[in-house]
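Okay, here's what each chain looks like letter by letter:
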Amino acid sequence: MEGKFKVKLVEVIFKGREKFTKSSAKALRGFFGNFFSGIIEFHNHLDQITFNYKTPNIQYRVVDGNLSILGINKGGDILLQSIDKIRLDEIVLKGIDNKILEKEIKITFPELEIKDEDFNYKFESFWVALNKENYKKYKRGELSLDIQLRNNILEFFKSYGVQAEKRIIVNGNFEEHRIIEKDTTILGFTGTFKTNVKLPELIALGKRKSIGYGLIKRVELWKIY
């Protein structure tokens, strides 16, 4: 990657009568995926059985207690074209009794750049770093989370057609957490990291990006150490 590359981010924020919990992101995805069942980007399924494993261009999150849908590049264009087709009173989230009162749309063009300086970030939601195979390697002490996070950043680059021309460096401090979802236990991580990549605020890295896992936020150095 030579110089700076701008990413188009379109964020639609829904404010409710009360604050939403992080788990509401999954219900938000369910509603929009059903409402726009004919648009793959909203649900990332090729058909009823086959999942599209490409990085989702439309992602569902809860940020500061508000519901948030993030569209990246093409996903942002689709989100802008579609969002006014739904009235606020039509949005009903399964299992959640919280009325949506307000909608806000933000469009930004943050820079993605590898530099000769460090940028500091923290995970705002659990980072799901591992699949079944590298989980085994991690438990045997054969897998570095720093390298795994670097790979996640490279995945973000590749997903939007950007080639990293410089070496990406990551150094983090992570803490394990067990996440219980129905009858499934997932290993997630919180923590902070520094990297020589200038990343857009509140993008998601790792697995389960479509429902709000792995959100990152820029922090000042003194807040980490």
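The shown structure was predicted, so the numbers you read here are calculated from the model rather than taken from an experiment. (Residues numbered from 1 in each chain as written. Predicted model: local features only at pLDDT ≥ 70, side-chain atom pairs only at ≥ 80, totals over all residues. Heavy atoms only, no water.)

(A) A look at unusual backbone geometry. In this structure, Leu 202 takes a positive phi of about 60 degrees despite not being glycine. Here Leu 202 is to be found in the loop between β8 (184–198) and β9 (216–218). Among the residues examined, Leu 202 registers a relative accessible area of 18% and is labelled buried. The backbone of Arg 208 sits at a positive phi, close to 60 degrees, despite the residue not being glycine. With respect to the helices and strands, Arg 208 occurs in the loop between β8 and β9. (Helix = DSSP H or I, 4+ residues; strand = E, 2+ residues; numbered from the N terminus. Buried < 20%, exposed > 50% of the residue type's maximum accessible area, 1.4 Å probe, protein only.)

(B) Up close: a nonpolar patch on the surface. On the surface, a cluster of nonpolar side chains totalling about 330 Å² of accessible area is made up of Leu 80, Ile 105, Ile 107 and Phe 109. Summarising the element assignment, Phe 109 is placed in the loop between β5 (100–108) and β6 (111–123). The exposure class of Phe 109 is partly exposed, given its relative accessible area of 48%. (Patch = residues over 30% accessible without salt bridge, like charges linked within 9 Å, V, L, I, M, F, W, Y side chains within 5 Å. Areas by Shrake-Rupley, 256 points an atom, 1.4 Å probe, with all protein chains shown as cover. Salt bridge = Lys/Arg side-chain N within 4 Å of Asp/Glu carboxyl O.)

(C) Geometry of the pairing of β8. Across six bridges, the pairing between β6 and β8 is antiparallel. Within β8, the residue paired with Lys 122 across the bridge is Thr 192. Looking at chain direction, strand β7 (residues 170–181) and β8 are connected through 12 bridges and run antiparallel. Among the inter-strand pairings, His 177 is bridged to a residue of β8, identified as Gly 188. (Pairing = 2+ DSSP bridges.)

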